[in-house]
Amino acid sequence: MRKIGKQEIEDMAVGAALLGTGGGGDPHIGKLMALQAIEEYGEVTLLDVDEVPEDALVVPSSMMGAPTVMLEKPPSGEEAIEAFQILEKYLGKKIYATFPIEAGGVNSMLPFALAARLGLPVIDADGMGRAFPELQMVTFYLDGISATPGVFADEKGNTALLSTIDNVWTERIARAATVQMGGSTMVAMYSMTAKNLKESGIPNILKLEEEIGKTIRLAKENNVNPIQEVLKITGGFELFQGKVSDINRKTETGFARGVATFEGLNAYKGETLKLRFQNEHLLAQTDTRVLCVTPDLIAVLDAETGLPITTEGIRYGARSVVIGIPCNPKWRTEKGIATVGPRYFGYDVDYVPVEELVKKGVTL
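Residues numbered from 1 in each chain as written. Predicted model: local features only at pLDDT ≥ 70, side-chain atom pairs only at ≥ 80, totals over all residues. Heavy atoms only, no water.

**Q** Sorry if this is basic, but what is going on with the side chain of Lys31 here?
**A** The topology assignment puts Lys31 in helix H2 (residues 27-41). We classify Lys31 as buried; its relative accessible area is 17%. Residue contacts for Lys31: discarding those within four places in its chain leaves Ile9, Glu10, Ala13 and Met109. (Helix = DSSP H or I, 4+ residues; strand = E, 2+ residues; numbered from the N terminus. Buried < 20%, exposed > 50% of the residue type's maximum accessible area, 1.4 Å probe, protein only. Contact = heavy atoms within 4.5 Å.)

And the structure:
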């Protein structure tokens, strides 16, 4: 148990944006929401999952929708409070604590903003260890935990209480409603016990985010290469160095979809990288090789500062380093690959762990 203040939030926001693999929402907006709430209501208690009573009701707080929408329609915070209150009333039980559903710029920060306002602790665990674009793409789904009953709410005051036959239907119905509600909503789903979270969640994700952010901050202060330091912490690999030569990005069916093209620099001169994304980066490949593919993490970092660049933040001419990071072992199971592997997203590529791709390469 420890208190989380402003510096911890600053560092976590950077680490969350990196682990968010380009998605999970604008880290600046999420950070500002958390900082404002802590400034107004005080520091938030962070708990390890082992510190929570096993039968306690815990619920993640998150945003659903296309990250690009947040640039024009940031949440106020009232939506999350209303969603939690409606869910508590329906379940007939008080929520003991909240936690992030994923590692993402906004979705790692929203639990702190909500917790500060409601006086709740935040648990250091999530359901992905990275970010994914759909509601069923969580480790809880792999273990049969239902997404519903769940509530989603928009900034206009619209709310919906959802009960579905399975988590794929939760995604379909909630996505359609979210599009009608302006492209983004605040969500309170996957209510569970702390015992469920301990068994199915990914622990210590917030500590990792904080360590990544702190490492990048101190690297800049000490004039050392921040990207190499990040690779040490995450067990990741440099995949490519290049300059953004084209970005094709659009918001459709509730997602930010597109392809970013990088011209190789330095050791990669003469090569071209295509980075395909659906909210999150999902496939990195050159004309001849697959470099990294979902569910392993693909992150784009500013070549000079080491700071992560989100899918909506990719700009023409930006000099970048693309890295790959092994995903949590839960995603490398048969059901994990079926849920978030490349073929689910329509890519005609088999999943091969990034460490194997780096070692031997896979020719297209």
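And the narrative resumes.
**Q** When you look at the pairing of strand E8 (residues 159-162) in this model, what are you seeing that I'm missing?
**A** Put simply, side chains in a regular strand alternate between the two faces of the sheet. In this sheet, E8 lies alongside strand E7 (residues 150-153) in antiparallel orientation, the contact comprising four bridges. Bridging across to E8, Ala153 finds its partner in Thr159. Linkage of E7 to E8, two consecutive antiparallel strands, is achieved through a turn of five residues, within which Gly157 is found at a positive phi near 105 degrees. (Pairing = 2+ DSSP bridges.)

**Q** Looking at this structure, I do not really get the environment of Met109. What am I missing?
**A** For Met109, the position within the fold is in the loop between strand E4 (97-100) and helix H4 (110-118). Met109 sits in the buried class, given a relative accessible area of 0%. With 77 residues separating them in the primary sequence, Met109 and Leu32 have C-alpha atoms 8.8 Å apart. Apart from residues lying up to four places away in sequence, Met109 is in contact with Ile9, Met12, Ala13, Gly30, Lys31, Ala34 and Gly104.

**Q** Even after reading the chapter, I still don't get the packing of helix H1 (residues 6-19) against H2, so can you show me in this structure?
**A** Packed helix pairs are characterised by how far apart their axes lie and by the angle those axes make with each other. Packing of H1 against H2 leaves a shortest axis separation of 10 Å and a crossing angle of 160 degrees. Here H1 is positioned roughly antiparallel relative to H2, judged by the angle of their axes. Like other packed secondary-structure pairs, H1 and H2 cross with a definite hand, here right-handed. Along its contact with H1, which presents Lys6, Ile9, Glu10, Ala13 and Ala17, the element H2 presents Pro27, Lys31, Ala34, Leu35, Ile38 and Glu39. Among the residues making up the contact of H1 with H2, the classes are represented as seven nonpolar, no polar and four charged. (Axes fitted to C-alpha atoms, helices over the stretch in contact; angles between N-to-C directions. Parallel < 35°, antiparallel > 145°, perpendicular 65-115°, else oblique. Left-handed = near helix turned anticlockwise from the far one by under 90°. Nonpolar A, V, L, I, M, F, W, Y, C, P; charged D, E, K, R; others polar.)

**Q** Is there a simple way to think about the environment of Val58 in this case?
**A** Tracing the backbone shows Val58 in strand E3 (residues 57-65). Judged by its relative accessible area of 0%, Val58 falls in the buried class. Apart from the residues within four sequence positions on either side, Val58 is in contact with Val52, Ala97, Phe99, Ile123, Tyr190, Ser191, Met192, Thr193, Ala194 and Leu197.

**Q** Before we go on, may I ask you to explain the pattern of salt bridges in this structure?
**A** One side chain can pair with another of opposite charge once the charged atoms of both are near each other. Summed over the entire model, instances satisfying the criterion amount to 19 salt bridges. Of the charged contacts in the structure, one is a salt bridge between Asp124 and Lys207, with a shortest N-O distance of 3.0 Å. Here the residue Asp124 occupies a position in the loop between strand E5 (122-123) and strand E6 (125-126), and Lys207 occupies one in helix H8 (residues 205-221), the gap between them amounting to 83 residues. Where Arg332 meets Glu355, a salt bridge forms, and the shortest distance between an N and an O atom there is 2.8 Å. Pair noted here: Arg332 is in the loop between strand E19 (319-325) and helix H10 (334-340) and Glu355 is in helix H11 (residues 354-360), with a separation of 23 residues, a long-range link. The exposure class of Arg332 is partly exposed, given its relative accessible area of 28%. Each of the salt bridges in this network shares a partner with another, and the network as a whole consists of Asp48, Asp124 and Lys207. (Salt bridge = Lys/Arg side-chain N within 4 Å of Asp/Glu carboxyl O.)

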